[in-house]
Amino acid sequence: MSNNTEFTLAELMIVAASEAWRGDGEVLASGIGVIPRLGASLAKLTYAPELLMTDSECFLVEEPIPLGPRGDHVPKYSGYMSFERVFECVWGGRRHAMIGPTQIDRFGQTNLSVVGDYRKPRAAILGVRGLPGNSINHINSFFVPNHSKRVFVEGEVDMVSGVGFNPARWEPGMRQDFMSIRRIVTDLCVMDFEGPDHAIRVRSLHPGVSFDEVQDKTGFPLLKAADMGETPHPTAAQLDIIRRLDPHDLRGAQVKGNPPGIRVPV
Amino acid sequence: MNKLMTTAEVVAQLRDGMTIGFGGWGPRRKPMAIVREILRSDVKDLTVVSYGGPDVGMLCAAGKVKKLIFGFATLDAIPLEPWYRKVREAGALELMELDEGMWQWGLRAAGMRVPFLPTRCGLATDVTKLNPELKTIQSPYADGEVLLAMPALKLDVALVHVNVADSLGNTLIQGGDPYFDHLVARAADACYVSAERVEERLALTPDQARFNTFERYLVKGVVHAPCGAHPTTCAPEYGWDMAHFKRYVASAAEDGGWQAYMDEFVTPGEAAYQGKNGGIERMGTLPLPVF
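What counts, and where the lines are drawn
- Residues numbered from 1 in each chain as written.
- Chains lettered and ligands numbered in written order.
- Predicted model: local features only at pLDDT ≥ 70, side-chain atom pairs only at ≥ 80, totals over all residues.
- Heavy atoms only, no water.
- Helix = DSSP H or I, 4+ residues; strand = E, 2+ residues; numbered from the N terminus.
- Rg over C-alpha atoms; globule rule 2.2 N^0.38 Å.
- Buried < 20%, exposed > 50% of the residue type's maximum accessible area, 1.4 Å probe, protein only.
- Contact = heavy atoms within 4.5 Å.
- Areas by Shrake-Rupley, 256 points an atom, 1.4 Å probe, with all protein chains shown as cover.
- Expected span 1.5 Å × (residues − 1).
- Phe/Tyr/Trp six-rings, centres within 6.5 Å; stacked < 30°, edge-to-face > 60°.
- Lys NZ or Arg CZ within 6 Å of the ring centre and 35° of its normal.
- Buried area = accessible area lost by both parts, 1.4 Å probe.
- Salt bridge = Lys/Arg side-chain N within 4 Å of Asp/Glu carboxyl O.
- Pairing = 2+ DSSP bridges.
- Axes fitted to C-alpha atoms, helices over the stretch in contact; angles between N-to-C directions.
- Core = buried A, V, L, I, M, F, W, Y, C linked by side-chain atoms within 4.5 Å.

1. Examining the overall build of chain A
Now for step 1: Broken down by element type, chain A carries six helices and 14 strands.
Now for step 2: Compactness check: chain A gives a C-alpha radius of gyration of 18 Å against a globular reference of 18 Å for 266 residues, within 12% of the reference.
Now for step 3: For chain A, the spread of C-alpha atoms along the three principal axes comes to 55 × 50 × 40 Å.
Now for step 4: Burial statistics for chain A: of 266 residues in total, 58% are counted as buried.
Now for step 5: Restricting to contacts in chain A with at least 6 residues of sequence separation, those with at least 24 account for 65%.
Now for step 6: Accessible surface for chain A amounts to roughly 11300 Å². Of this, 52% is attributable to carbon and sulfur atoms.

Right under this line is the structure:
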């Protein structure tokens, strides 16, 4: 483990994730999982105080809650967001969620149900959960801690749980315009859907990662954004906020080996 | 009017092939004392309608489930429900896998006695492709939009665990999130509740009465079941039992694991179950999870 870096890959990904909510306005920011939640919290505490957030249960908070045991910290609640209210929010489109699907395809379709044959799957995961409804109603972003062809599959995902930009799946008369897929944050790069016909582009590469490496680990062809550069490094102020939000360093367990943010090419 | 019953009397109302809805959400406030009574019974071929947690997993493990109508099965802190996973991967279940929102929408339709409710959820996914009984409908108005017509999910029986009930069937759900138990109750021909505490008649302040989420005319029977949600949570009173979950998860990886779990925890009855889990003193004071 290098000891001459000042931030970890997880912290770089948290900062990259936080950028996903830029410009969304007053929506419910749902970061599902440690890194997306820290990303949403960081966004709210820096450039997007207008975001709504919950305590990851059923109460709204204006001050994002630190992860894990809280010691003396007593959350201050500003409102209520039961699961029933979440569905009302989702169907009204005022939400941007970042989730970690098991598989993602070139159309942005996602799978959280099963890997392999549907009737007798190789692996049963969680079930489609809220992906069908989330994906067709509001903005979504994805988080992938293990960028690989197992996640970014060739062809379609094994079970289309969340909708995407696949024309073959849409019938005339269905409203596709409430769907919006914003960003994919992985352990190698940040991608978006801003290529021709919503093709996936690499927006930025994490330090020490090459485009070829990303392409080799992706099951479909990728485009390069015209201004593709390096993913911005966390600032000292951002790192302070992240450390305050995650006092037990749960983020350190989110990427295998908790590598430094600046990797030396092999 | 006195609706008090035992778990055995509730399960005696169940018939093979029934469609049964369960309250709660994943590993939260599941009617587990009644689930354990079902596990001890001969009832089989059930269609289970649930936001799945160990209720789904244990009924799958025991071979009670013919069909599952669900959006997920999980123990949350342990993401993959071990017995759901094992039985699902064996290809042994009929399935109607639904978006979480569609699931409650179908119950709502049943409770309102309409054949369907429109939604966009499920369109353009494999949910509709794999369930050809889910039909679309075109808006009769100028927009002409094509929507999914989520069919009513009618239940024969609803099983719900609550914090407080009385002998008339009045109930209070006092945790932060009441989930969708009111819709489960409304969708069913008969709803049976288990409760941490049972009184003869509730006499509440307005603030307390707001925790009543469905009417007593829906409730056919009330069971006094302290720690009846264990090993799931029952906020604000107790959290899930991680040690028990780990033991349960391990059973799915052992030869004869389910039979061993049954022998140790279920077959000897609820009093023995409480003894095996440290008694209600321990079970009722397990800390609530912090996220």
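From this point, the discussion proceeds with the structure in view.
2. So, the overall build of chain B
Now for step 1: Looking only at helices and strands, chain B features twelve helices and twelve strands.
Now for step 2: Against the compact-globule benchmark of 19 Å for 291 residues, chain B has a radius of gyration of 19 Å, which places it among compact chains.
Now for step 3: By its C-alpha atoms, chain B is 65 × 50 × 40 Å across when sized along the principal axes.
Now for step 4: Taken over 291 residues, chain B has a buried fraction of 61%.
Now for step 5: The contacts of chain B with a sequence gap of at least 6 include a subset with a gap of at least 24, amounting to 74%.
Now for step 6: Within the structure as shown, chain B displays about 10800 Å² of accessible surface, and the carbon and sulfur contribution to it stands at 54%.

3. Examining helix H2 (residues 34-45) of chain A
Residues three or four positions apart in an α-helix share a direction because the helix packs 3.6 residues into each turn.
Residue and element names in this part refer to chain A.
Now for step 1: An ideal rise of 1.5 Å per residue puts 16 Å on twelve residues; H2 measures up with 16 Å between its terminal C-alpha atoms.
Now for step 2: Most of H2 sits inside the fold, with eleven of its twelve residues counted as buried.
Now for step 3: For H2, the complete set of buried residues consists of Val34, Ile35, Pro36, Arg37, Leu38, Gly39, Ala40, Ser41, Leu42, Ala43 and Lys44.

4. Observations regarding unusual backbone geometry
Now for step 1: The omega angle of the peptide bond from His230(B) to Pro231(B) is 10 degrees, so this bond is cis rather than trans.
Now for step 2: Here the phi dihedral of Ser56(A) falls at roughly 70 degrees; this positive angle occurs in a residue that is not glycine.

5. With respect to the packing of aromatic side chains
Now for step 1: Scanning all chains against the criterion turns up 22 aromatic pairs over all chains.
Now for step 2: Look at Trp83(B) and Trp258(B): their rings are 5.8 Å apart centre to centre, the planes differ by 70 degrees, and that puts the pair in the edge-to-face class. Residue Trp83(B) is located in helix H4 (residues 82-89), and its partner Trp258(B) is located in helix H10 (residues 257-266); the two are separated by 175 residues in the primary sequence. One exposure class covers both Trp83(B) and Trp258(B), and it is buried.
Now for step 3: Members of the aromatic cluster, connected to one another through ring pairs, are Phe83(A), Phe87(A), Trp25(B), Tyr51(B), Phe72(B), Trp103(B), Tyr179(B) and Phe180(B).
Now for step 4: Against the face of Tyr47(A) rests Arg22(A), its NZ or CZ located 4.0 Å from the ring centre.
Now for step 5: A cation sits over an aromatic face here: Arg88(B) above Tyr118(A), 4.6 Å from the ring centre.

6. Brief notes about the interface of chain B and chain A
Now for step 1: Contact residues are listed per partner, giving 49 residues for chain B and 49 residues for chain A.
Now for step 2: The contact between chain B and chain A buries some 4000 Å² in all, and 57% of this surface belongs to carbon and sulfur atoms.
Now for step 3: Ranking the residues of chain B by area buried against chain A places Arg120(B), Ala124(B) and Phe291(B) at the top, with a combined share of 17%.
Now for step 4: Summed over the shared surface of chain B and chain A, the result is three salt bridges.

7. Some details on the sheet that holds strand S7 (residues 135-138) of chain B
Residues and elements named next belong to chain B.
Now for step 1: The strand order S6-S8-S7 describes an open sheet built from three strands, whose pairing is antiparallel. A strand with exactly one partner marks an edge of an open sheet, and here the two such strands are strand S6 (116-119) and S7. On average, each strand axis in the sheet is inclined to that of its neighbour by 45 degrees, with strand direction left out of account.
Now for step 2: Bridge count between S7 and strand S8 (residues 146-151): four bridges; the pairing is antiparallel. The partner of Ile137 across the bridge, within S8, is Leu147.

8. Things to note about the nonpolar core
Now for step 1: In this structure, Ile184(A), Ile38(B), Leu68(B), Leu98(B), Leu159(B) and Trp258(B) are the most contacted members of the largest nonpolar core, which totals 135 residues.
Now for step 2: With seven residues, the top contributor of residues to this core is strand S9 (residues 155-166) of chain B.
Now for step 3: Once residues lying within four places of it in the same chain are set aside, the contact partners of Leu68(B) are Val48(B), Val56(B), Tyr84(B), Leu93(B), Glu94(B), Leu95(B) and Met96(B).
Now for step 4: Core analysis: the next-biggest nonpolar cluster, separate from the first, contains 34 residues, Ala40(A), Ala43(A), Met53(A) and Ile242(A) among them.

9. Some points on the sheet that holds strand S12 (residues 189-192) of chain A
For sheets, the rule is that strands pair by backbone hydrogen bonds, running either parallel or antiparallel.
Residue and element names in this part refer to chain A.
Now for step 1: Strand order in the open sheet made by the seven strands is S1-S5-S10-S11-S12-S13-S14, with mixed pairing throughout. Only two strands of the sheet have a single neighbouring strand rather than two, namely strand S1 (28-31) and strand S14 (223-230). Sheet twist, expressed as the average angle between the axes of neighbouring strands with direction ignored, equals 15 degrees.
Now for step 2: Pairing between strand S10 (residues 139-144) and strand S11 (residues 180-186): five bridges, direction parallel. Bridging across to S11, Phe143 finds its partner in Val185.
Now for step 3: Together, strand S5 (95-99), S10, S11 and S12 form the strand contacts of helix H1 (residues 9-18), whose direction differs from that of S11 by roughly 170 degrees.

So far we have only geometry, and geometry alone does not tell us how the molecule works.
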